[in-house]
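Chains, contacts and geometry: an overview
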Amino acid sequence: GLARRIDRPIVLVGMMGVGKSSVGKRLASLLNCPFVDADEEIERSAQMGIPEIFEMYGEDYFRDGERRVIARLIDETDGCRVIATGGGAFCNAETRALILDRALTIWLDSEVDTLVERTARKDNRPLLKDGEPREILARLREERRPHYSQAPIHVLSGPGPHVQTINKVLQGIS
Ligand code: S3P
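Nothing here was measured: the structure is a model prediction, and the numbers come from that model.

Close contacts around the ligand come from Met16, Lys20, Asp39, Ile50, Gly86, Gly87, Gly88, Arg125, Pro126 and Leu127, and that covers them all. Partitioned by chemical class, the residues of the shell around the ligand number four nonpolar, three polar and three charged.

Structure representation (structure tokens):
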């Protein structure tokens, strides 16, 4: 196979716009294991979009729901599964602890320019609404680095095609 036999969840963490979902989907299909997007699971269980959850209940409430959903996704994993998380999940101490304890964690990082370009494609990120996206992304990236760097595997997600990032992830886990 392309990588060693994976017998636990692989969790992708990192900033909005690094490509966690795109890379995760393709990685899962190469590893022949299922993919799940934690943000989509949160929306499904809340029956609401993430912007609406932030607007109606605030970020703290979202983080609690996010932690429960990620715990469930990890718990119910049988063998391998690739889980993409929202950019802030790994910066919550309890969520980070449970991910580090039970999954193989991969930090995808990109330069700010790449984050700006990729997040501009969709208008669904409440944290980018209250200011200049570039400034917010640059600040969050610095604030969150100490958390993300606790992941055992670091991969740079460059501005080019995701296939390059996926190859680096495969090297990292094999
Ligand atoms: C967030 C990132 C989003 C989503 C929410 C909060 C964050 O996910 O969970 O808008 O705090 O960085 P993506 O990283 O998939 O954009």
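Still to come is the rest of the account.
Looking now at helix H4 (residues 59-75). For H4, with 17 residues, the first-to-last C-alpha span of 24 Å sits near the 24 Å given by 1.5 Å per residue. Within H4, burial applies to Phe62, Glu66, Arg67, Val69 and Ile70. Along its buried surface, H4 packs onto helix H2 (38-46), helix H3 (50-57) and helix H5 (93-102).

This next bit is on the UniProt feature "binding site: substrate" (unreviewed entry) in the protein. Summarizing the sequence annotation, UniProt attributes the feature "binding site: substrate" (unreviewed entry) to Asp39, Arg63, Gly87 and Arg144 in the numbering used throughout. Tracing the chain through its elements places Asp39 in helix H2. For Asp39, a count of 19 C-beta atoms within 10 Å corresponds to the partly exposed category. Along the chain, Gly87 turns up in the loop between strand S3 (81-84) and H5. Those residues within four positions of Gly87 in sequence are excluded, and the remaining contacts are Gly14, Met15 and Met16.

Here we come to the sheet that holds strand S5 (residues 153-156). Strand-to-strand pairing in sheets goes through backbone hydrogen bonds, with the strands running parallel or antiparallel. With respect to topology, five strands assemble into an open sheet ordered S2-S3-S1-S4-S5, the strand pairing being parallel. At either margin of the open sheet sits one strand with a lone partner, and together these are strand S2 (35-37) and S5. Direction aside, the axes of adjacent strands within the sheet are offset by 25° on average. The sheet contact formed by strand S4 (residues 104-109) and S5 spans four bridges and is parallel. Residue pairing across strands places Asp109 opposite Leu156, the latter belonging to S5. Where H2 meets the sheet, it contacts S2 and S3, and its direction lies at approximately 60° from that of S2.

How each quantity is defined
- Residues numbered from 1 in each chain as written.
- Predicted model: local features only at pLDDT ≥ 70, side-chain atom pairs only at ≥ 80, totals over all residues.
- Near = placed C-beta within 6 Å.
- Nonpolar A, V, L, I, M, F, W, Y, C, P; charged D, E, K, R; others polar.
- Helix = DSSP H or I, 4+ residues; strand = E, 2+ residues; numbered from the N terminus.
- Expected span 1.5 Å × (residues − 1).
- Buried ≥ 20, exposed ≤ 12 C-beta atoms within 10 Å, placed from the backbone.
- Contact = placed C-beta atoms within 7 Å.
- UniProt positions renumbered as here; feature names shortened; annotations may be inferred.
- Pairing = 2+ DSSP bridges.
- Axes fitted to C-alpha atoms, helices over the stretch in contact; angles between N-to-C directions.

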